Amino acid sequence: MITVWPVETTNFRAFGWVQDPSNLRSLCNVTAIFDESSPMHQLLVHSIIPELVEKRDGKDELIEVLNKRPLRISYNKLVGTAFKPRSASRCNGIVQATVKGQVRPFIGEWQADNFVRWAYAFHFIRYNYEDDTFEITEEGRELVRARGEDEELTKEETELLTRAALSYPPAVRILRLLADEDAHLTKFELGKQLGFIGEGGFTSLPQSVLLRTLAITKDPSDINKMKADWEGSSDKYARMIAKWLAKLGLVEAVPKTFQVPIQSEVYPVTIGQAYQITAKGYMALNHTNGKSSYKRLSKNVCFEMLATKAGDREYLRTRRAYLLKFISESKQGISVSQLVERLAKCGLSCEEGSIADDIKGLINIGLNITSKNNLYYLEDVLNDFLIPTARLEGKSEVETIKEQMRGELTHLSHEYLGLLDLAYDSKQNRLFELKTMQLLTEECGFEGLHLGGSRKPDGIVYTKDENEQVGKENYGIIIDTKAYSGGYSLPISQADEMERYIGENQTRDIRINPNEWWKNFGDGVTEYYYLFVAGHFKGKYQEQIDRINCNKNIKGAAVSIQQLLRIVNDYKAGKLTHEDMKLKIFHY
DNA sequence: TCGGATGAGCGTGGTGATTG
DNA sequence: ACAATCACCACGCTCATCCG
């Protein structure tokens, strides 16, 4: 039963997705905080907190809440706060004190937040909207009681943790993906199918582009860095969930090697974080699907997991929660148009395309939604959750643009709508580069590469063969992507940089740039262009473009991500050829 | 690599200053 | 004198890579 619940707060937290922790023993310990009879609780009250937390950081208050009955602990007391710089952090939260960190005897506030999320996602603790507190659930008490003498998990703990994992839809999602015949998937392959893909908070690196970048990178330390560091949030969620499942014996980590063809050579590239399901995993999955003689497990969903990042978070969460409510209540199935109608009655107007994408998203978070004759059915049993109704402001500009683009992108996967978020987030410039290159190479028939590294453009693409067949020249484009929050004005320094790349490509002298990035253009390419891609352009960008054109006798353009998406869509729809695109973009 | 660790963007709410 | 508004800033929340 999904209940609509009026609450005072307008400030909702992010629950349901867990980034950092993977130690199951620590999860048990965090749960034990909430059980006054547990050894962990006693230890916290009598030794850990008195020793670890200073008076000025709230030692007495933390002990006081632990001694209160009934035991309900507020988020603040559990998680504490961060210090600046973080290396000077002192312990000021109960969960911080409960887990040992890598460099300190306690963990940071962000890690503490994640442990709380984890315990909540597994339904070992419950959340009270009225006062922002948590308390233990019956499952939580069971888990605490199952504790054995030493650190190792007891059989009973493992069983309870497995049951909890199988009630957590994202974990089921990972298992389902791995349960396909012969599936052997990397964190990227899992990540791009997990959560509300293409939306802020659910980023995934395009593996195909990454593999090619890895293949052409020579320096081993660069390679290690890329392998260890380059991952999006969804990739990381997938990695962590797979890790939990591996520790529970449902999944096994097996590195996966790809043969990556570039021009005429093939390079082997291995991704270490890849997974396969085990026999035990298959059995567990049947358990959740209700196929076996076991009773089917019901799923824990919460309002907060339906969108995580700022922006239209509350709007999206509310829309998706209602969708889930309506589908779950329609045993005989419900159509998209009926859903639109029912949402409208709740004051949530939106297009049918958004509903279809939301349903895909709900499937991607691990819910078993099926469709037959254009009617949707929920095959899962959901545990109760609340839809807190507070402010219901309208959609923001970006969401409105996305909605409009959904209608326009008839031939292109809507996962690329995520580029609209990325284009305005400077923190994610690398993902914006990779994703843009993926758009051009995988969706738009160009050959090409993301280059990356210093003294190279962000990427290059070029045409091959196709143009020869119709008697046209092959052409190449030097690409520079710019993610800026308020639009991009193309400052002189950046224009100069592009001019330098154009010059390097014209002279092609190893003495001028020893990395010879231009070699990545194919052999038959005879004319060159350059392109800036950003969310949108502002200021005197056109003057800079004209200046480069004039200085280097070459044509270039600045194209917004919206325009680019439309162009790629038209290409896929067969309305534009590469030759048409060239004329449209560069000859205006 | 693993299992956190870190700096940062963004929003919010408090504070004192400024305005009507 | 006084309430309303504003500019500023510290702080909390939440990433998205980073890293010992």
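What counts as what
Residues numbered from 1 in each chain as written. Chains lettered and ligands numbered in written order. Predicted model: local features only at pLDDT ≥ 70, side-chain atom pairs only at ≥ 80, totals over all residues. Domains from an automatic or database assignment. Contact = placed C-beta atoms within 7 Å. Near = placed C-beta within 6 Å. Helix = DSSP H or I, 4+ residues; strand = E, 2+ residues; numbered from the N terminus. Nonpolar A, V, L, I, M, F, W, Y, C, P; charged D, E, K, R; others polar. Core = buried A, V, L, I, M, F, W, Y, C linked by C-beta atoms within 7 Å. Buried ≥ 20, exposed ≤ 12 C-beta atoms within 10 Å, placed from the backbone. Pairing = 2+ DSSP bridges. Axes fitted to C-alpha atoms, helices over the stretch in contact; angles between N-to-C directions. pLDDT = per-residue confidence, 0-100. Parallel < 35°, antiparallel > 145°, perpendicular 65-115°, else oblique. Left-handed = near helix turned anticlockwise from the far one by under 90°. UniProt positions renumbered as here; feature names shortened; annotations may be inferred. Arc of directions from axis to C-beta.

A. Structural detail: the domain arrangement of chain A. According to the domain assignment, chain A contains domain 1 (8–152), domain 2 (169–289), domain 3 (303–385) and domain 4 (429–586). At the junction of the two partners, domain 1 supplies six residues and domain 3 supplies four residues.

B. Summary view of the protein's contact with DNA strand B. Close to DNA strand B lie 27 residues; Asp20, Gly101, Gln102, Lys227 and Ala228 are nearest. Looking at the surface near DNA strand B, the elements that each hand over two or more residues are helix H6 (109–121) and helix H12 (220–229). When residues in the surface near DNA strand B are grouped by element, the largest group, three residues, is from H12. Classifying every residue of the surface near DNA strand B by side-chain character gives eight nonpolar, 13 polar and six charged.

C. Region of interest: the nonpolar core. Core analysis: the biggest nonpolar cluster contains 93 residues, and Ala119, Ala171 and Leu245 have the highest contact counts within it. Once you skip the residues sitting within four places of it in the chain, Ala171 turns out to touch Ala165, Leu166, Ile241, Trp244 and Leu245. Membership of the second largest hydrophobic core comes to 62 residues, among which are Leu420, Tyr501, Phe521 and Leu564.

D. Inspection of the sheet that holds strand E16 (residues 525–534) at higher detail. Pairing is mixed in the open sheet, where five strands are placed in the order E13-E14-E15-E16-E17. Looking at which strands have only one partner, the edges of the open sheet turn out to be strand E13 (447–450) and strand E17 (555–560). Direction aside, the axes of adjacent strands within the sheet are offset by 20° on average. In the sheet, strand E14 (residues 459–462) pairs with strand E15 (residues 474–482) via four bridges, with the strands oriented antiparallel. Residue pairing in the sheet places Ile460 in a bridge with Ile478 of E15. The strands touched by helix H22 (residues 492–507) are E15 and E16; relative to E15, the strand with the most contacts, the crossing angle is about 155°.

E. View of the pairing of strand E7 (residues 256–262). Where E7 lies against strand E8 (residues 265–271), seven bridges are found, and the strand directions are antiparallel. Following the sheet pairing, Ile262 is matched in E8 by Glu265. Where E7 folds back onto E8 in an antiparallel hairpin, the turn is made up of two residues, including Gln263, whose phi is positive at roughly 50°.

F. Layout of the protein's contact with DNA strand C. Every one of the 25 residues lining DNA strand C counts as a neighbour, but Ala14, Thr81, Gly201, Ser233 and Thr308 are closest to it. For the surface near DNA strand C, the elements supplying multiple residues, two or more each, are H6, H12, helix H13 (233–247) and helix H20 (429–443). Taken together, the residues of the surface near DNA strand C sort by class into seven nonpolar, 10 polar and eight charged.

G. Geometry of the confidence of the model for chain A. For chain A, per-residue confidence averages 88 on the pLDDT scale, and residues scoring 70 or more make up 95% of the total. Mean pLDDT values over the elements of chain A span from 61, in helix H21 (residues 466–469), up to 97, in helix H7 (residues 138–145).

H. Structural view of the sheet that holds strand E3 (residues 125–128). Strand order across the open sheet formed by three strands is E2-E4-E3, with antiparallel pairing between neighbours. Of all the strands in the sheet, just strand E2 (73–74) and E3 have a single pairing partner and so form its edges. Alignment of E3 against strand E4 (residues 133–136), held across four bridges, turns out to be antiparallel. Note on E4: the bridge partner recorded for Ile125 is Ile136.

I. Representation of the packing of H22 against helix H23 (residues 541–552) in the model. Close contact between H22 and H23 brings their axes to 10 Å; oriented N to C, the two are set at 25°. Compared by their axis directions, H22 and H23 come out roughly parallel. Here H22 and H23 pass one another in a crossing that is right-handed. Where H22 abuts H23, its residues Ile492, Ala495, Met498, Glu499, Ile502 and Gly503 lie against Gln544, Arg547, Ile548, Asn551 and Lys552. Across the contact of H22 with H23, the residue classes break down as five nonpolar, three polar and three charged.

J. Expanded view of the UniProt feature "domain: FokI recognition" (unreviewed entry) in chain A. As annotated by UniProt and renumbered to match this structure, "domain: FokI recognition" (unreviewed entry) occupies residues 13–146 and 157–293. Strand forms 7% of residues 13–146 and helix 47%; the C-alpha atoms that close the span are 30 Å apart.

K. Seen up close, helix H25 (residues 578–586). Along H25, the residues that are buried comprise His578, Met581 and Lys582. The buried residues of H25 occupy an angular sector of 100° when projected down its axis, which confines them to one face.

L. Structural detail: the packing of helix H15 (residues 313–329) against helix H16 (residues 336–345). At their nearest, the axes of H15 and H16 sit 10 Å apart, and the two run at 120° to each other. What the angle tells us is that H15 and H16 run oblique. Crossing angle aside, the handedness with which H15 passes H16 is right-handed. Seen from H15, the contacting residues are Arg319, Tyr322, Leu323 and Phe326; seen from H16, they are Leu339, Arg342 and Leu343.

M. Structural view of the environment of Cys550. When you line up the elements, Cys550 lands in helix H23. The exposure class assigned to Cys550 is exposed, which follows from the 9 C-beta atoms found within 10 Å.

N. How the structure looks around the environment of Asp131. Looking at where Asp131 falls in the secondary structure, it is placed in the loop between E3 and E4. What makes Asp131 exposed here is the crowd of 10 C-beta atoms within 10 Å. Taking the C-alpha atoms as reference points, Asp131 and Thr463, separated by 332 residues in sequence, lie 60 Å from one another.

O. Seen up close, unusual backbone geometry. Put simply, Arg69 and Pro70 share a cis peptide bond, and its omega is -5°. Within the element layout of this structure, Pro70 appears in the loop between helix H3 (59–67) and E2. Geometrically, the link from Lys84 to Pro85 is a cis peptide bond, its omega value of -10° lying close to zero. Turning to its location among the elements, Pro85 is positioned in the loop between helix H4 (75–79) and helix H5 (94–98). Phi at Asp132 takes a positive value of approximately 60°, unusual for a residue other than glycine. Unlike most non-glycine residues, Asn553 shows phi in positive territory, near 50°. Exposure remark for Asn553: the 9 C-beta atoms within 10 Å place this residue in the exposed category.

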